[in-house]
Amino acid sequence: MASSSSPSNSGSNILNQLTATTTTRTVSPQLSIAPITTPAHLASLRRLNSLLLPVHYPELFYREILTDADAAAVSRLSWWDHICVGGIRGKVEDIDSEGRSSGGSEAEGGKRKVRVYIMTLGVLSPFRGVGVGGKLMEWLLNGGDGRGKDGREWEVVEVYAHVWEANDEALEWYRRRGFVVEENVVHGYYRKLRPNGAKVVRWINDRERSIVMMS
Ligand SMILES: CC(C)(COP(=O)(O)OP(=O)(O)OC[C@H]1O[C@@H](n2cnc3c(N)ncnc32)[C@H](O)[C@@H]1OP(=O)(O)O)[C@@H](O)C(=O)NCCC(=O)NCCS
């Protein structure tokens, strides 16, 4: 995350890199994702969310990432060199064999079976379209850290999020990553927006999908 480039050069360098990565579609080596482990990281995520999202999140939402190993295992910041350009904050829910929330249930091989709720996901607008959000999502769909508070390996069976009903771009972005956009609108989800509804986007892993299709 530290960078040796001077502030005066870094702006044009970054623009050149963004152009290059857009045309080649390879993710720049200057992009990395890293765990959220310090109060300064929390401050970076807080800044991103307040810039990008229409919802205010309480202090606990941030602090939990440092105190709850489950939350930490599904949350990350994206860095372009030393600049924090994106972040994802997830929440882990244990699920039972019927998919309901539960005190904990095992997947095949004794793994913990979990669902992840994406509470926030955002990328600074000048850094969109170069794979920042995609890299965060790919990491999450591959299981995040792979285990949480009890140290047991988990299987991420499902990932879901609420997206503003009028945010066609984001809905499409989720669709292209294998999410299904549910028909129903959750009215009143966004108090500050008009329209005020959210759509649920949901991804189910291949193994789980084939189990559901067979049953
Ligand atoms: C939705 C959001 C997170 C997407 O983030 P992003 O960083 O722009 O996403 P990506 O760059 O990975 O993907 C966007 C497009 O960039 C293009 N792209 C360009 N270079 C790329 C590269 N190197 N790798 C991958 N994609 C690349 C692709 O066309 C991709 O579209 P695709 O869906 O066809 O693959 C971002 O637009 C955002 O923060 N929006 C505001 C907040 C919000 O709406 N959050 C979602 C609700 S929770």
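Everything below is about the structure printed above this text.
Conventions adopted
- Residues numbered from 1 in each chain as written.
- Predicted model: local features only at pLDDT ≥ 70, side-chain atom pairs only at ≥ 80, totals over all residues.
- Near = placed C-beta within 6 Å.
- Helix = DSSP H or I, 4+ residues; strand = E, 2+ residues; numbered from the N terminus.
- Nonpolar A, V, L, I, M, F, W, Y, C, P; charged D, E, K, R; others polar.
- Pairing = 2+ DSSP bridges.
- Axes fitted to C-alpha atoms, helices over the stretch in contact; angles between N-to-C directions.
- Contact = placed C-beta atoms within 7 Å.
- Left-handed = near helix turned anticlockwise from the far one by under 90°.
- Core = buried A, V, L, I, M, F, W, Y, C linked by C-beta atoms within 7 Å.
- Buried ≥ 20, exposed ≤ 12 C-beta atoms within 10 Å, placed from the backbone.

Quick notes on the site of the ligand
Now for step 1: Taken together, 23 residues surround the ligand, and among them Arg128, Gly131, Val132, Gly133 and Gly134 come closest.
Now for step 2: At the level of elements, α1 (7-24), β4 (112-123), α5 (132-141), β5 (154-164) and α6 (168-175) are the ones that each hand at least two residues to the shell around the ligand.
Now for step 3: A per-element tally of the shell around the ligand places β4 first, with four residues.
Now for step 4: Partitioned by chemical class, the residues of the shell around the ligand number 11 nonpolar, nine polar and three charged.

Describing the sheet that holds strand β3 (residues 83-94)
Now for step 1: The strand order across the open sheet formed by seven strands is β1-β2-β3-β4-β5-β7-β6, and the pairing between neighbours is mixed. The outermost strands of the open sheet, each flanked by one partner alone, are β1 (31-34) and β6 (180-186). Here the strands of the sheet are splayed against their neighbours by 25° on average, with no regard to which way each runs.
Now for step 2: As judged from the nine bridges shared by β3 and β4, these two strands associate in the antiparallel manner. Residue Gly87 lies in a different strand from β4, and its bridge partner there is Gly122.
Now for step 3: Strand contacts of α5: β1, β2 (76-80), β3, β4, β5 and β7 (198-204), with the helix running at about 25° to β3, the strand carrying the most contacts.

So, the environment of Ser32
Now for step 1: Residue position: Ser32 is located in strand β1.
Now for step 2: Distance from Ser32 to Arg76, taken between C-alpha atoms, is 10.0 Å for residues 44 residues apart in sequence.

Some remarks on the packing of helix α2 (residues 39-52) against helix α3 (residues 59-67)
Now for step 1: Where α2 contacts α3, the two axes come as close as 10 Å, and the packing angle between them is 145°. Crossing geometry of α2 relative to α3 is assigned as right-handed. Two secondary-structure elements touch here, α2 through Leu42, Leu45 and Arg46 and α3 through Tyr62, Ile65 and Leu66.

Some words on the nonpolar core
Now for step 1: Of all hydrophobic cores here, the largest spans 38 residues; its most connected members are Val114, Val116 and Leu140.
Now for step 2: Ranked by residue count, the leading element in this core is β5, at six residues.
Now for step 3: Look past the residues within four positions of Val114 in its chain and what remains in contact with it is Val92, Glu93, Asp94, Ile95, Trp154, Val156 and Val157.

Structural notes on the pairing of β3
Now for step 1: The sheet contact formed by β2 and β3 spans five bridges and is antiparallel. Paired with Leu77 across the two strands is Gly87, which belongs to β3.
Now for step 2: What sits between the antiparallel neighbours β2 and β3 is a turn of two residues, in which Asp81 has the positive phi angle 55°.

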